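Architecture at a glance
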There are 2 protein chains.
Amino acid sequence: MSAPNALFVRAAKAQPTERTPIWLMRQAGRYMAEYRAVRKKYSLIEICKKPEVAAQVTIEAAEILKVDAAIIFADLLLPLEVMGLPFHFAAGEGPKIEKPIRTPADIAHLRTDRAADLGYVAEAVKLVCKHFGDRLPVIGFCGAPFTLASYMIEGGGSRNYVFTKKMMYSSPGAWDELMRKLVSVTAEYSGEQVRAGADTIQIFDSWVGCLSVEDYRRYVLPHATDLVSRLRKTGVPIIYFGTDSATLLPSMKETGAEVVGLDWRVPLDTGWQSLGFRGAVQGNLDPVLLFAEWKELKPRAEDILRRAAGRPGHIFNLGHGILPETPVDNVKALCAFIREHSAEFKK
Amino acid sequence: MSAPNALFVRAAKAQPTERTPIWLMRQAGRYMAEYRAVRKKYSLIEICKKPEVAAQVTIEAAEILKVDAAIIFADLLLPLEVMGLPFHFAAGEGPKIEKPIRTPADIAHLRTDRAADLGYVAEAVKLVCKHFGDRLPVIGFCGAPFTLASYMIEGGGSRNYVFTKKMMYSSPGAWDELMRKLVSVTAEYSGEQVRAGADTIQIFDSWVGCLSVEDYRRYVLPHATDLVSRLRKTGVPIIYFGTDSATLLPSMKETGAEVVGLDWRVPLDTGWQSLGFRGAVQGNLDPVLLFAEWKELKPRAEDILRRAAGRPGHIFNLGHGILPETPVDNVKALCAFIREHSAEFKK
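Residues numbered from 1 in each chain as written. Chains lettered and ligands numbered in written order. Predicted model: local features only at pLDDT ≥ 70, side-chain atom pairs only at ≥ 80, totals over all residues. Heavy atoms only, no water.

1. Focus: the overall build of chain A
Note the cut-off: Helix and strand assignments come from DSSP, with helices taken as H or I runs of at least 4 residues and strands as E runs of at least 2, each series counted from the N terminus. As defined in this context, the radius of gyration uses C-alpha atoms, and a globule is described by 2.2 Å times the residue total to the power 0.38. Two residues form a contact once any of their heavy atoms are found within 4.5 Å. Accessible surface is estimated by sampling points in the Shrake-Rupley manner with a 1.4 Å probe; for residues, cover comes only from the protein chains shown. Counted as positive: Lys and Arg. Counted as negative: Asp and Glu, with His and the chain ends omitted from the count. Charged side chains are reduced to one point each, which is NZ for Lys, CZ for Arg, CG for Asp and CD for Glu.
The secondary structure content of chain A amounts to 15 helices and nine strands. Here the C-alpha atoms of chain A give a radius of gyration of 19 Å, agreeing with the 20 Å that 2.2 N^0.38 yields for 347 residues. Across its three principal axes, chain A shows a C-alpha extent of roughly 55 × 45 × 35 Å. Partitioning the intrachain contacts of chain A with sequence separation of at least 6 by distance along the chain shows that 74% fall at a separation of at least 24. Summed over its atoms, the accessible surface of chain A is roughly 12400 Å², and 50% of this surface lies on carbon and sulfur atoms. Distance between charge centres in chain A, computed from 44 positive and 40 negative side chains, equals 1 Å.

Here you go:
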């Protein structure tokens, strides 16, 4: 940990803070001119693999927005490559996995012995920690086993997750093997980030909300719990985030994650209540509200603070990542508003 | 109404039934060889516009599956055409609206005086009712104003609904005008279906789950309520269906719809409880479970019946439409199982 007493870290541990900390998922991204300038020189994957550039992008975004944490710039899918599944980004589309896995044999071939090859991410974390010292905490992250498995099996994004669910239902043994392999690699990968100085790990289970509660509990929860347990041993608080997850929240809390990320579909207090108000929550402004005028956006941010009701353990964030066309001035205004006015909602 | 005493209609009114009625969203569709044979001769839109063919497709699916209701074969987007927004289906993709609406002026130009041009759907309803007499009820349907507006504005399907929400936030007056126009056209269109003999209208708000509770209540609920009120005057029970809607259910119930459709993300009893167990519910098997072996699928169907717990007012269905590659034998087995065994769960 490089900033153990920072506002963000204390909130993640559900300790009282003088104001609400804020950071934003995908805060370094295409909506920001400084990031687009770097992207003219390097592809997304090149940025990830050059620690100096990844660190620069990470630092720049945090400083421009004056947020309370810097999230390391990396891609969710990096572990796929070291497991033997190359991927690329098709122009204007999402990621494409070149040979999606569809059979138990495909799963048997996945490698788990090359997580160390992702060391460039830990290297970038180290540079960011060095830059900020104890002034700003650094967030490391990884994809959750379900969400990574869905990319591996579908070959990219998906609407219905048919191949993924078919694998779960028809080959539960192979499915468990896949999840174990993913937990092994992501635990080592994230552990390296913590050893490099990260103050927390956020586990992104972005697409887990396509599952029924029963499927989540049967096919995902044991593995997500295993990952959280391994990461908690590193001593940093763990954030577990999903979307479409209103009905999954109590189960997600069972993983032992200190912080649960909420999307905008569940009112913050309702979501927190469904966690028994145990631990911390992060969220949950609809990212599309950043396209609205400030007079519409401001009361929505206030509403979230009001629903947090001064309880210790709220980290302000969006309900999902910042979208590419988002007006940057609104993002800055939101961060400034939370910095300057959230203390008033703590009373 | 052509079959006012049918099992399905009684369940929709939350009256006790001897067993659980079943029908499946998109029960006439590409997964079925008989439908594919018709599609070799006609495009989807041609089927909709030829009442004899639409009726044939509707009847055939209901008879093959031996379900408890026939849903008229039609496309959600038909009203767009008579409002002045032509669309087509791009090969292998979803619908494409040729000139999506993006400004208040675009909305002002939308016509509401040509709903009668959709009379071919009512004509098909008439033929189906004539075929079944009082042996099988017929379900008419329309898109909900939000879901139709999202297609009109995005120009097709969407992941983030950025343009739709921008319209809501930045031009609330124009948004309301758009919703009023959609309610006017769909109320007339669905009313015609009831006058032709339909025993219920299902309102599909398939994409409404992208909204926060606050946005739903502010921008959608008044209009959805207006539509439900107008349709209830026809005397048939109204089904209001959405996906990703776990947190919206209590608000959706406020529209006055007799039946609320649940997707698979919310356990049936949890969803029904959030409606205060008032009225009926429809759902909610994950359509992807139809790709699983029967030994996996059967306990999931039983689980839903068990969660209904013999309360009057459960209509068995999926949580969304049948997917194109679904094995037809599983669909038949599910329908047979509910027909033959649901009475055991009523005790």
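2. Considering the sheet that holds strand E4 (residues 138-143) of chain A
All names here are of chain A. Rule in force here: Strand pairing requires that DSSP identify at least two bridges connecting the strands.
Spatially, E1-E4-E5-E6-E7-E8-E9 is the arrangement adopted by the seven strands of the open sheet, whose pairing is parallel. Across the chains shown, the open sheet's two edge strands, defined by having one partner strand only, are strand E1 (70-71) and strand E9 (314-318). Sheet analysis places strand E7 (residues 259-261) next to strand E8 (residues 280-285), joined by three bridges and oriented parallel. By the bridge assignment, Val260 is partnered in E8 with Val281.

3. Examining the pairing of strand E6 (residues 238-242) of chain B
All names here are of chain B. The condition that has to hold: Here the term buried applies to any residue with accessible area under 20% of the maximum for its type, exposed to any over 50%, and partly exposed to those in between, with areas from a 1.4 Å probe on protein chains only.
Across the five residues of E6, five count as buried, placing the element largely inside the fold. Burial of the side chains of E6 extends over both faces: Ile238, Tyr240 and Gly242 are buried on one face and Ile239 and Phe241 on the other. Where strand E5 (residues 200-205) and E6 come together, five bridges link them in parallel fashion. Bridged to Ile201 within E6 is Ile238. Pairing of E6 with strand E7 (residues 259-261) involves three bridges; the strand directions are parallel. Paired with Ile239 across the strands is Val259, a residue of E7.

4. Examining the interface of chain A and chain B
Convention followed: Accessible-area loss on putting two parts together, using a 1.4 Å probe and summing over both, is the definition of buried area adopted here. Salt bridge criterion: a side-chain nitrogen from Lys or Arg within 4 Å of a carboxyl oxygen from Asp or Glu.
Every contact between the two is made by 35 residues of chain A and, on the other side, 35 residues of chain B. Note on chain A versus chain B: buried area summed over both sides is about 2800 Å², and carbon and sulfur give 52% of it. Its largest share of buried area at the contact with chain B, chain A owes to Tyr169, Arg265 and Arg300 of chain A, together 21% of the area lost on that side. Applying the counting criterion to the chain A and chain B interface returns eight salt bridges. A salt bridge links Glu296 of chain B to Arg218 of chain A; the nearest nitrogen and oxygen atoms lie 3.2 Å apart.

5. As for the pattern of salt bridges
Scanning the entire structure with this criterion turns up 44 salt bridges over all chains. As a salt-bridge pair, Asp113 of chain B and Arg111 of chain B come within 3.1 Å of each other at their nearest N and O atoms. Since its relative accessible area comes to 38%, Arg111 of chain B is described here as partly exposed. For Arg307 of chain B, the salt bridge goes to Asp269 of chain B, with nearest N and O atoms at 2.9 Å. Separated by 38 residues along the polypeptide, Arg307 of chain B in helix H14 (residues 294-308) and Asp269 of chain B in helix H13 (residues 268-274) bring together distant segments of the chain. For Arg307 of chain B, a relative accessible area of 27% corresponds to the partly exposed category. One network of salt bridges, in which partners are shared, links Glu214, Asp215 and Arg218 of chain A together with Glu296 and Arg300 of chain B.

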